[in-house]
Amino acid sequence: MDSATHGTAPDHTPHVHVTPLWVYFVVFAALAAGTILTYLASTVDLGWANTPVALVIACVKGSLVILYFMHAIHSTRLTWVVILGSFLWLGVLFVLTFADYLTRSWAIY
Amino acid sequence: MSDVTYTGQTPVPPVPEVEEHPHHPFLQHHFEDLGQQHEASTLGMWCFLTTEILFFGGIMLAYWIYRLAYPDAWSVASTLQNTTLGATNTIVLIMSSLTMALAVREAQLGRRLGIVAMLFLTLIFGSCFLGIKMYEYHAHWQEGLFPGSAWHWNENPELAPKIQLFMTFYWGMTGLHALHMIIGAGLLLWFMWRAWKDQFGPEYYGPVEIMGLYWHFVDIVWIFLFPFLYLIHGHKH
Amino acid sequence: MSTSQTLYDVRFVEPARTRNYLNEDYGFFSWVLTRDHKRIAILYLFSVSIMFVIGGFFAMMMRLELLTPEGDLLTSDTYNKFFTLHGVVMVFFFLIPVIPAVLGNFLLPIMLGAKDLAFPRINLLSWYLYVIAAIIGLVVIISGGVDTGWTFYTPFSTQYSNTHVFGTTFAAFIAGFSSILTGLNFIVTVHRMRAPGLTWYRLPLFVWSMYATAIVQLLATPVLAITLVMLMFERTLGVGFFDPALGGDPVLYQHMFWFYSHPAVYIMILPAMGVASEVVAAFTRKKIFGYKFVAFSSLGIAFLGFLVWAHHLFVAGISVYSAMIFAFLSFAVAVPSAIKVFNWTATLYKASVSWQTPMLYIMGFIGLFTIGGVTGLFLASLGLDIHVTDTYFVVAHFHYVMVGGTVMAYLAGIHYWWPKITGRMYPEWWARLAALLVFVGFNLTFFPQFVLGYLGMPRRYHAYAPEFQVLNVLSTAGASVLALGYALPIVYLVWSLKFGRPAGVNPWGAVGLEWTTSSPPPKENFHHTPVVTWEAYDYPALLEAMGETQNV
């Protein structure tokens, strides 16, 4: 299997998947709405939930950009692995570093 | 088992490979065809974005470590930001992402003027973002909120060093972000010129696509920076 | 057992008469503006060799100082600068780039049957960045150096050191981008430019190793970049990212620094393991035992290597609970390395071994890497680490893996592929002598340091208690022998360029795409794109084609 020409049309030019216009505008509207939503949520006191709410909204917005604007939804499995791997590694950085900070019994925590 | 021999291989004088079809002007010779070239450049840009995720991720780690350590200071410091301008900038950047995505679409459809127009709009929105950012920076500078020897905020002496730490993150993270946008703006100009010269079409739109990937990534960073830096006020966590 | 031309019906053509990548084009600009991965590899070979000599100079001065217990040759400040510069130069400018940028750049496209890497211009940019970083580093050295240790721990580096911290960290920052771009190039090349028929499980293990290395380069180096940026901000602006007085935490710097710097050591060792697999296969004429285990252990080392960094922070003030987690994970990362060692050993079992120089170096590599790796486990044990951390035990450990490991494997690789790169054979007996000097010199230098560390001699001190002198003298004596062992190849390899025996296509009788094209290869690597129908290390087929029976 010649993976070098994977994802090409018979004449070996790139696959062109043209996203319909309406998809882009709907995603834009969702992103704008998300911005307004996160702003409004920050003005309401939700106690401990303010931070997670902001993070969730940001993650949803980011995912929309990745999936539709960056065409991840039409991309190869390898692209998915790269995207997910990046965030996984970021997760490793955060989790293992916080594992130290959250289990200390002295300053700074 | 094998139909390749290992022996008797005297290096032969070169015989130029006969070209069966005309070369696309932008097909690089080490690639077999445009499809392979497109796949390779796209993968390359995604790998580069991986490094950017970890680059920004590093400073975000530091930001969060200190945010959880100094929630009050972070809260107060966030009120020093101009949330209206920040929100406006967020919308502006999202609009620029829309026009960038549309530029890629124009390239896929081979519409020369469409590509130029959309890239131009992206550049306009991006410049608008940078302009607003410069205004914010100027205001912060005037108020003495630049960390280091120019620092002036001392309203609450106990919190002041941590407020300064927050502002260090603010200037550092938004500064790195702005630097990426400036580079992006330069790239947009270059691509506008290339599009004007009619270099892109359905068989060769990769460069515009990877420009888009870069631009969208810079947008995503801001999507996180906005709530992190502007929207903490009033909450203790 | 001879692997010379009598085994094959290969007619030799003097390298100068074939059209190859070396004589394709002449002139300074044809080299400095080249996009040919093979020429870029040679450019790197020159650059890293110069940096190796510079790093070695600092080591020599340190070992001379340590001949006597008193600090009499160098002041303490100068000694601090020398161990810092030795570390900075050797880590960032030699060990990290050496095998990927020299051997990887040269061989990867050829082993994949490709004409070049995916992004030749980015490859050239990698080299430019390396050179720029090296020049900045040299300017720093000439201007007075830096004394923080190659680890640049805060707050000394950000506030108290009055040496060129900014310049050095900036140089390391630039060098990091060189590394990132090389890794990016390799990943895309392996995924998208393999020749027809070359499936993943037919790849040489060197390619698997380079691929795993590239992943580490891509994921780890950016965190170093941002850490150094933050350090540079703090140093210049006086802000408090890592300054306790301003609310910062110096341990955070260490977390972020070692998130890169531990995987960095896997950037150094994974390519070396790749070379080991190639050499063991070639000089036993056998497929590597447990091919898939070795291939996946490369990925395993790359992955697990990211989970262990805080074992460098055991005594820095992290919580005991996180220390336990990291200690456990540090034990786990030894497993895939051990798997490789077992598989190489199993390959050697009942093999008919050719003892040419590359194989001698690799035998040294396997033994010394094992010692270095096992002593890493000692350090990973929390209780024991309390006693030996920051002593010469650590110094001995990492020199065993980096010098006994990476450098030995690099020398093996240079000798193994020298015929392919230059079209000439090196002189075998001189090379064997050098290998012996390197092995003896290395052990004499560094084994005493295990004892010194255990007995309590701290690292990074220019003076020591008198009872440590004998071992230190042995160590310095060993360093002199080692230096001679390193000097010899420089001499005879250069000599071989003009006077070495012409090599022919496949002087070792090895299996691999690089051994099917001329020595040196043509600019486009192959006159016709190969179609791969054979399995990795298909020695039975090779021997059949040669009319030989397999020696069992």
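Computed from a predicted structure; not experimentally measured. (Residues numbered from 1 in each chain as written. Chains lettered and ligands numbered in written order. Predicted model: local features only at pLDDT ≥ 70, side-chain atom pairs only at ≥ 80, totals over all residues. Heavy atoms only, no water.)

When its secondary structure is counted, chain A shows 3 helices and 0 strands. Reading chain A from its N end, one meets helices and strands in the order α-α-α. Across the 109 residues of chain A, 49% fall into the buried class. On chain A, roughly 5,600 Å² of surface is accessible, and the fraction owed to carbon and sulfur atoms is 76%. (Helix = DSSP H or I, 4+ residues; strand = E, 2+ residues; numbered from the N terminus. Buried < 20%, exposed > 50% of the residue type's maximum accessible area, 1.4 Å probe, protein only. Areas by Shrake-Rupley, 256 points an atom, 1.4 Å probe, with all protein chains shown as cover.)

Taken residue by residue, the interface counts 56 residues in chain B and 56 residues in chain A. Taking both partners together, chain B and chain A bury about 4,700 Å²; carbon and sulfur atoms supply 78% of that area. Counting every contact that joins chain B to chain A gives 5 residue pairs in polar contact (both at pLDDT 80 or more). For the side of chain B that touches chain A, the secondary-structure elements that each account for two or more residues are α1 (34–69), α3 (83–109) and α6 (206–230) of chain B. No other element matches α1 of chain B, which puts 22 residues into the side of chain B that touches chain A. Of the residues in the side of chain B that touches chain A, the class split is 35 nonpolar, 14 polar and 7 charged. (Contact = heavy atoms within 4.5 Å. Buried area = accessible area lost by both parts, 1.4 Å probe. Polar contact = N/O pair within 3.5 Å; in protein donor to acceptor, adjacent residues only side chain to side chain. Nonpolar A, V, L, I, M, F, W, Y, C, P; charged D, E, K, R; others polar.)

Right, let's talk about the environment of Ala139 of chain B for a bit. Mapped onto the elements of the fold, Ala139 of chain B is located in helix α4 (residues 112–142). Through-space distance from the C-alpha of Ala139 of chain B to that of Leu213 of chain B is 32 Å; in sequence the pair is 74 residues apart.

Where nonpolar side chains cluster on the molecular surface, the patch consists of Trp430, Leu433, Leu436, Phe439 and Val440 of chain C and spans about 480 Å² of accessible area. As for its placement among the helices and strands, Phe439 of chain C is situated in helix α15 (residues 428–455). (Patch = residues over 30% accessible without salt bridge, like charges linked within 9 Å, V, L, I, M, F, W, Y side chains within 5 Å. Salt bridge = Lys/Arg side-chain N within 4 Å of Asp/Glu carboxyl O.)

What follows covers helix α8 (residues 205–237) of chain C. Residue and element names in this part refer to chain C. An ideal rise of 1.5 Å per residue puts 48 Å on 33 residues; α8 measures up with 48 Å between its terminal C-alpha atoms. Of all the bends found along α8, the most pronounced is centred on Ala220 and spans about 30°, while Pro222, a proline, follows it within four residues. Burial within α8 is extensive, with 28 of its 33 residues counted as buried. Positive backbone phi, approximately 75°, marks Gly238, located one or two places after α8. (Expected span 1.5 Å × (residues − 1). Bend = angle between axes of the 7 residues up to and from the residue.)

Moving on: the confidence of the model for chain A. Here chain A averages 89 in pLDDT, while 87% of its residues score no lower than 70. Scored below 50 in pLDDT, residues 1–7 of chain A makes 15 contacts in the model with residues more than four places away or belonging to other chains. (pLDDT = per-residue confidence, 0-100.)

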